[in-house]
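# Notes for the structure review
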Amino acid sequence: MKRRTKVVIGTALTASLLTGGTALAEGKGWWPGPKEVRVMLPESQSNPAIATGVATGGEVAIYQSSGLGPTALNPSAPVGSPELYTDPALTQGATGVTVTEAQALVVLRNIKTNLEAAGLTLADVITMKCYLMKPPGVETADYAGWNRAYRQYFANIDLTSKEVVPVPMGTSAPKAPLVANKARPARATMEVASLAVKGWMVEVEVTAAYKAR
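Our subject in this report is the structure included herewith. Bear in mind the structure is a predicted one, so any value in this text is a computation, not a measurement.

### Observations regarding the pattern of salt bridges
- What the rule picks out here adds up to 6 salt bridges.
- Arg 109 is the salt-bridge partner of Asp 87, the closest N and O atoms lying 2.8 Å from each other. Here Arg 109 lies in helix α2 (residues 99–117) and Asp 87 lies in the loop between β5 (62–64) and α2, a separation of 22 residues in the sequence.
- The closest approach of N and O atoms between Arg 148 and Glu 101, which form a salt bridge, is 2.7 Å. Residue Arg 148 is found in helix α3 (residues 143–153), and its partner Glu 101 is found in helix α2; the two are separated by 47 residues along the sequence.
- The exposure class assigned to Glu 101 is buried, which follows from its relative accessible area of 1%.

Below you can see the structure in the form of C-alpha cells.
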C-alpha cells in the first residue's frame, strides 16, 4: 500500500494505569515492570483524546490486529462507492455525518468484534494506526470526521470526574457515545494514496495488551 504521510501522532491508552507524561519523564532510570502497561498522558487535561506514548513490560502479552476496513452495509449505495461501506443504522437520526466518519464508525465496530474474538475489549487497546483517503473532490483527508468517530469508541470518559462525556456525531448535538471507554491509545493518523478495497476511506489497525495474570 502506498502511504503519503500527513498528520497526527499522539495518544495512549490504558490497560491498567494512566500516568502524566511529566511524572514519567522525571522518574530517571524508570523501567516498566515485567507485567506493567503504563500510559503517558498530556499534563493538566481531564479528557485528552490521545496519549503521548505507552510503555509495556517484557512479559506483557500483546495482540496485533490486521488493518481492518469497513463492511459493505449500505445496499442502496452504488458498488465501489464510499457510501456502500457505511451502516445507516449507526448514523440514524444524526445530521451532517461525513462519509469518512460513517465508515470509521463501522471500522471501529469491526475492531471491537475482532478484539472480542481474541478475548479482549476496546479498553485493552494500547496503540492505533489509522489510514485515511481523502474523499472525492476535496484537498485533504477528513481528519475531523475521523476524530468524531474515534470519540464514539475511545477517550470519552473524563479521567478526573470519571463521567461519560457526550460526543457529537456529524453536526448533531453531543450525546452519549456508542461505547463508553476511557482508553487512550498511542495513535498515529495519516493520509494515504490508496487502500486495498475500492470505496474504502478508512483502515485501522490496533495493538492490545492482555491484562496481567
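### Details of α2
- Compared with an ideal rise of 1.5 Å per residue, which puts 19 residues at 27 Å, α2 spans 27 Å between its outermost C-alpha atoms and is within 8% of the ideal.
- At the exit of α2 stands Gly 119, carrying a positive phi of roughly 80°.

### A look at the packing of α2 against α3
- Two elements in contact, α2 and α3, have axes separated by 8 Å at closest approach and are oriented at 35°. For the element pair α2 and α3, the recorded crossing hand is right-handed. Contact residues: α2 offers Thr 100, Glu 101, Ala 104, Leu 105, Leu 108 and Arg 109, while α3 offers Gly 145, Trp 146, Arg 148, Ala 149, Tyr 150, Gln 152 and Tyr 153.
- Of the residues belonging to the contact of α2 with α3, the class tally is 7 nonpolar, 3 polar and 3 charged.

### A short note on the environment of Asn 110
- With respect to the helices and strands, the residue Asn 110 is situated in helix α2.
- The contacts of Asn 110, once residues within four sequence positions are left out, are Leu 68, Gly 69, Pro 70 and Thr 71.
- Reaching out from Asn 110, the side chain makes a polar contact with the backbone oxygen of Gly 69 at a distance of 3.1 Å.
- There is a polar contact of 3.0 Å between the side chain of Asn 110 and the side chain of Thr 71.

### Observations concerning the nonpolar core
- Core analysis: the largest hydrophobic core is formed by 32 residues, its most contacted members being Trp 146, Phe 154 and Val 204.
- At the level of elements, α2, β6 (125–132), α3 and β8 (202–209) are the ones that each hand at least two residues to this core.
- Per-element accounting of this core gives the leading share, 7 residues, to α2.
- Excluding residues that lie within four positions of it along the chain, Val 204 makes contacts with Ser 66, Gly 67, Leu 68, Val 107, Ile 111, Met 128, Lys 129, Cys 130 and Trp 146.
- Counting residues in hydrophobic clusters, the runner-up holds 9 residues, among them Leu 84, Tyr 131, Ala 188 and Val 192.

What counts and what doesn't
- Residues numbered from 1 in each chain as written.
- Predicted model: local features only at pLDDT ≥ 70, side-chain atom pairs only at ≥ 80, totals over all residues.
- Heavy atoms only, no water.
- Salt bridge = Lys/Arg side-chain N within 4 Å of Asp/Glu carboxyl O.
- Helix = DSSP H or I, 4+ residues; strand = E, 2+ residues; numbered from the N terminus.
- Buried < 20%, exposed > 50% of the residue type's maximum accessible area, 1.4 Å probe, protein only.
- Expected span 1.5 Å × (residues − 1).
- Axes fitted to C-alpha atoms, helices over the stretch in contact; angles between N-to-C directions.
- Left-handed = near helix turned anticlockwise from the far one by under 90°.
- Contact = heavy atoms within 4.5 Å.
- Nonpolar A, V, L, I, M, F, W, Y, C, P; charged D, E, K, R; others polar.
- Polar contact = N/O pair within 3.5 Å; in protein donor to acceptor, adjacent residues only side chain to side chain.
- Core = buried A, V, L, I, M, F, W, Y, C linked by side-chain atoms within 4.5 Å.

Any functional reading would require information that these geometric values do not contain.
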